[in-house]
Amino acid sequence: MVWEIVIGLEVHVQLNTQTKAFCSCKTTYGAPPNTQTCPVCLGYPGSLPVLNKDVVRSAVKAGLATHCSLRKVSGFARKNYFYPDLPKGYQISQYDDPICYNGYITIKTDNGEKKIGITRIHMEEDAGKSMHSPEGTLVDLNRCGIPLLEIVSEPDIRSPKEAYEYLTTLKQIIRYTGISDCNMEEGSLRCDANLSVMPKGSKSFGTRTELKNMNSFRGVEKALTYEAARQIEILGNGGEIVQETLLWNEQTQRAESMRSKEESHDYRYFPEPDLVDVVLDEAFIHEIEQEMPELPEKKLKRFMRQYALSEEDALVLISEKEIADYFESAAQGFPDATLMNHWVRGEILRIIKDKQLPITQSPVDPVKLRELLTFLLEKKITPQTAKSVLDDMAETGKPARIIIEEKGLLVISSGDELETLIQTILNENPGEVDKYRDGKVQLFGFFMGQIMKATKGRADQKAARAILQTLLDNK
Ligand SMILES: [Zn+2]
């Protein structure tokens, strides 16, 4: 039997608004526990929530970026459950009328591009955080009320690899919109998955299991690979899949049953009585449309066209909006985009990786890089010199012009100066000169090496070659 895997993903994205979803508490990550709370997010009786407009703005941005339809009137609901980190006893969420619905994103697969449907994007608030230790469990309620978007995919994903691609692409798009940093380590992006298998070509899905606790995209891919194999083995042996929630254990690389045979949750959703409906008017949507950045797909095509870059090069440059911005700023008015791409991809990305800095804090800013490469383009310095000047710039922050001047790094192209220098080298190596003249012509490279060494790589190679040839031939 050939089996087909069906995967759905639920992604929670924490929004980077200044304040929480329904109160004015700050949302700073890493603040001391329970210092960013108030009666509203702690659920004190009599307190009333007020919706943060930036949450709606972010939801609309996410919807526009993923080709969703926007619901003109949507409401909030209470999702009831009991848990120590949920002081209100319910979470304010959206239920049957999510603000965004029916969208898609395009991912790359081995068989070309594929559209993965987005069922819905809804707004909700986060719960607090329980911290377990041998001494007991503590709770930090700073996270209570921080706004989240839940992004639910259609069951269009057909392999763990496609799931990985979907997550990577979605994260890139969301980061472009600027509504979240999607940092999985800090919990600002979380992903739950569900998976079922069915005979290939079947129209009805098999029983699905849910997977939680994956803390990287590779972890999601591994957990799904594990779970698909497990289900296929059970079904292949004539067994049945039990609907259950599994926890991925990164240490053992196994999915472990969390609660089996538990009936599905009854959250007793009901409309949130303390909040009015969210009404999106055309002017508001239009305003956000104006704020939308150029998204990765479009930028990729433009970069390939405008800068004549290969898809591979353009993909690296657009991988993050900030890298793309850096490149465009550096390439502005610079006549050789290929050279610029080469240096941004190769050198600038290496420098910021070494220094563990975001590109926005690169010690060599786009203007300084352009100045350096102008020296190179005008052949005033050699490529070797340019590399060492760049490293110097990264360490000292000085502009190329100053470093080149201070260290005297301009190319030696004057014929007289080169001739004197090369003649000295020949005089110092009479043995090699004789051997060369006796026919050992490969010694030419040795002399060039000596010239480069003596000039610290600053000799104009073409001129030096010509002069060397003349002097060697001049018996
Ligand atoms: Zn609060």
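Residues numbered from 1 in each chain as written. Predicted model: local features only at pLDDT ≥ 70, side-chain atom pairs only at ≥ 80, totals over all residues. Heavy atoms only, no water.

(A) The coordination of the zinc ion, seen in detail. Within the first shell, the zinc ion binds the protein through Cys23 (SG), Cys25 (SG), Cys38 (SG) and Cys41 (SG), at distances of 2.2 to 2.4 Å. The site at the zinc ion holds four donor atoms, and with the angles between them running 101 to 114°, its shape is tetrahedral. The sequence motif formed by the donor residues of the zinc ion is C-x1-C-x12-C-x2-C. With cysteine 25 in the loop between strand 1 (3–14) and helix 1 (53–65) and cysteine 41 in the loop between strand 1 and helix 1, this pair connects stretches of sequence that are 16 residues apart. By the burial criterion, cysteine 25 is buried, and cysteine 41 matches it. (Donors = N, O, S within 2.8 Å, 3.2 Å for Na, K, Ca; no water. Tetrahedral: all angles 85-135°; square planar, octahedral: opposite > 155°, others 65-115°. Helix = DSSP H or I, 4+ residues; strand = E, 2+ residues; numbered from the N terminus. Buried < 20%, exposed > 50% of the residue type's maximum accessible area, 1.4 Å probe, protein only.)

(B) Here's a closer look at the pairing of strand 8 (residues 129–133). Judged from the five bridges that link them, strand 8 and strand 9 (residues 136–140) form a sheet pairing that is antiparallel. Counterpart to histidine 132 in the pairing with strand 9 is threonine 137. Connecting strand 8 to the antiparallel partner strand 9 that follows it, the hairpin turn spans two residues. (Pairing = 2+ DSSP bridges.)

(C) Layout of the domain arrangement of the chain. The domains assigned to the chain are domain 1 (3–283), domain 2 (294–407) and domain 3 (415–473). A straight line from the C-alpha centre of domain 2 to that of domain 3 covers 34 Å. (Domains from an automatic or database assignment.)

(D) Examining helix 6 (residues 311–318) more closely. Taken together, the buried positions of helix 6 are Asp313, Ala314, Leu317 and Ile318. Along the axis of helix 6, the buried positions cluster into a sector of 120°, meaning they face one direction only. The secondary structure elements touched by the buried residues of helix 6 are helix 2 (160–177), helix 5 (296–306), helix 7 (321–331) and helix 8 (337–355). (Arc of directions from axis to C-beta. Contact = heavy atoms within 4.5 Å.)

(E) Geometry of unusual backbone geometry. Positive phi, close to 75°, is recorded for asparagine 213, a residue that is not glycine. Within the element layout of this structure, asparagine 213 appears in the loop between strand 12 (209–212) and helix 3 (217–236). Judged by its relative accessible area of 47%, asparagine 213 is partly exposed. Phi at lysine 379 takes a positive value of approximately 60°, unusual for a residue other than glycine. Residue position: lysine 379 is located in the loop between helix 9 (366–377) and helix 10 (383–396). Classification of lysine 379 by relative accessible area gives exposed; the value is 64%.

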